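Analysis of the macromolecular model
Spelled out from the first residue to the last, the chains are:
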Amino acid sequence: MTVKYTLIAALTLVHTSVGANPAPVTDLNRNNVVVNNAIASPSGSIEQRLATLERIVEARTEAQLRMAQQLQTLLDEVSELRGVTETHSYQLDEILQRQRDLYQEIDRRVSAIQTPVAANAVPAPQVETPVATSSYSSDVSENDAYDKAVNMVLKDRRYDAAIPEFETFIQTYPNSSYAPNAHYWLGQLLFNNNELAKAKTHFERVVNNFPQSNKVADALLKLGQVAERENQKDAALRYYRELVAKYSTATSAKLAQDRIDALK
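Summary of the structure given here. (Residues numbered from 1 in each chain as written. Predicted model: local features only at pLDDT ≥ 70, side-chain atom pairs only at ≥ 80, totals over all residues. Heavy atoms only, no water.)

1. Points about the packing of aromatic side chains
Going by this rule: For Phe, Tyr and Trp, rings pair up if their centres lie within 6.5 Å, where Trp contributes its six-membered ring, and each pair is then called stacked (planes under 30 degrees apart), edge-to-face (over 60) or tilted (otherwise). Helix and strand definitions follow DSSP, with helices as H or I runs of at least four residues and strands as E runs of at least two, each counted in order from the N terminus. Only protein chains enter the area calculation, which uses a 1.4 Å probe; residues under 20% of their type maximum are buried, those over 50% are exposed, and those in between are partly exposed.
Inspection of the entire model under this criterion finds seven aromatic pairs. Arranged with centres 4.5 Å apart and planes meeting at 15 degrees, the rings of Tyr 146 and Tyr 178 form a pair that is stacked. Of the two residues, Tyr 146 sits in helix α3 (residues 140-154) while Tyr 178 sits in the loop between α4 (159-172) and α5 (179-192), which places them 32 residues apart along the sequence. The exposure classification of Tyr 146 matches that of Tyr 178, with both residues buried. On the numbers, 6.4 Å between centres and 5 degrees between planes, the contact of Phe 166 with Trp 185 is stacked. On the criterion of sequence distance, the pair formed by Phe 166 in helix α4 and Trp 185 in helix α5 is long-range, its members being 19 residues apart. Each member of the pair, Phe 166 as well as Trp 185, carries the same accessibility label: buried.

This is how it looks when you write it as structure tokens:
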């Protein structure tokens, strides 16, 4: 009897185990759980998984935007540095130009001291030759007026005060041998103050009214620089090319050629 009940219980357990739901099976490769032939993510439902993917996409998008902003910032900094470099290069050209002016003025004064005019010398026959712009005038007041204006620039560094001094000198001594130098100095001072129209007028007078002056080459260079500041590229190239063609051995011709190469 006992054996009969034991067999009946065993058969019942087998039938129950066959009809029961299968136990969950874990897919170790994908880290998912298989239940009733359906795959369930450990993170939750499909909606939750989609929300997770959306957050991942948003995070990547924000990272890309930040990288784009950083790249644009770097490009802006490079552009700014390039502008600073060009400004420094231009300022260096200005300093070199002023040094040349100073050396020429010193040379003029030294030459005048070394060749004094003899008081009782017999005048030489008059010959029509171009007047040298570096000659020292016999008019004491003219010399004093010019030296006063120049010293305001070279010694006192009173640049604004030197402008009316040169203007007065040009009005008082329009035919002076210092006139081309005075026009050039005045143009340079006005150029530094960014008074381009006035500066251009005086540089043009050096070129047009005093073609034999040693200031013509420098005046052409300054006319090119004025044109550049006024965004007149063609005019600037015209002045620079004229300078290189006519005064190829001048120091300013090298600067002009550099500007031609830069503007091409």
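There's more to say after this.
2. Comments concerning a nonpolar patch on the surface
In plain terms, the rule: Like charges within 9 Å and nonpolar side chains (Val, Leu, Ile, Met, Phe, Trp, Tyr) within 5 Å are joined into patches, using only residues over 30% in relative accessible area that form no salt bridge. What sets the accessible areas is the Shrake-Rupley method with a 1.4 Å probe; for residues, cover comes only from the shown protein chains. Think of a salt bridge as a Lys or Arg side-chain nitrogen and an Asp or Glu carboxyl oxygen that are within 4 Å of each other.
A surface patch of nonpolar side chains, amounting to about 380 Å² of accessible area, comprises Ile 46, Leu 50, Leu 53 and Ile 56. With respect to the helices and strands, Ile 46 occurs in helix α2 (residues 46-114). With relative accessibility at 56%, the residue Ile 46 sits in the exposed group.

3. Looking at the pattern of salt bridges
The tally for this structure, following the rule as stated, stands at five salt bridges. Among the salt bridges present, the one from Glu 165 reaches Lys 148, with a minimum N-O distance of 3.6 Å. One end of the pair, Glu 165, is in helix α4; the other, Lys 148, is in helix α3, and 17 residues separate them in sequence. In this structure, Lys 246 engages Glu 242 in a salt bridge whose closest nitrogen and oxygen atoms are separated by 3.1 Å. Note that Lys 246 and Glu 242 are positioned in helix α8 (residues 233-246) at a spacing of four residues, about one turn of the helix. When its relative accessible area of 56% is taken as the criterion, Lys 246 is described as exposed.

4. Considerations on empty space enclosed by the protein
The condition is simple: Cavities and pockets are found on a 1 Å grid laid over the protein atoms alone: a cavity is a set of points where a 1.4 Å probe fits but cannot escape, a pocket is an open set with protein on both sides within 12 Å along at least five of seven lines, and a lining residue has an atom within 4 Å of such a point. Grid points are joined across faces, edges and corners, and a volume is the space filled by probe spheres set on the points.
On inspection of all chains with the given rule, the structure shows two cavities of 30 Å³ or more. A volume near 30 Å³ is recorded for the second largest cavity. Lys 200, Leu 223, Val 226, Ala 227, Glu 230, Gln 232, Ala 235 and Tyr 239 together form the lining of the second largest cavity. Mapped onto the lining of the second largest cavity, the elements with two or more residues apiece are α7 (216-229) and α8.

5. With respect to α8
In plain terms, the rule: Take the number of residues in a helix, subtract one, and multiply by 1.5 Å to get its expected span. Only heavy atoms enter the contact rule, under which two residues are in contact if any of them lie within 4.5 Å.
End to end, α8 covers 20 Å across 14 residues, agreeing with the expected 20 Å (1.5 Å per residue, within 8%). The set of residues buried in α8 consists of Ala 235, Ala 236, Leu 237, Tyr 239, Tyr 240 and Leu 243. Residues of α8 that are buried in the fold lie against α6 (196-209), α7 and α9 (251-263).

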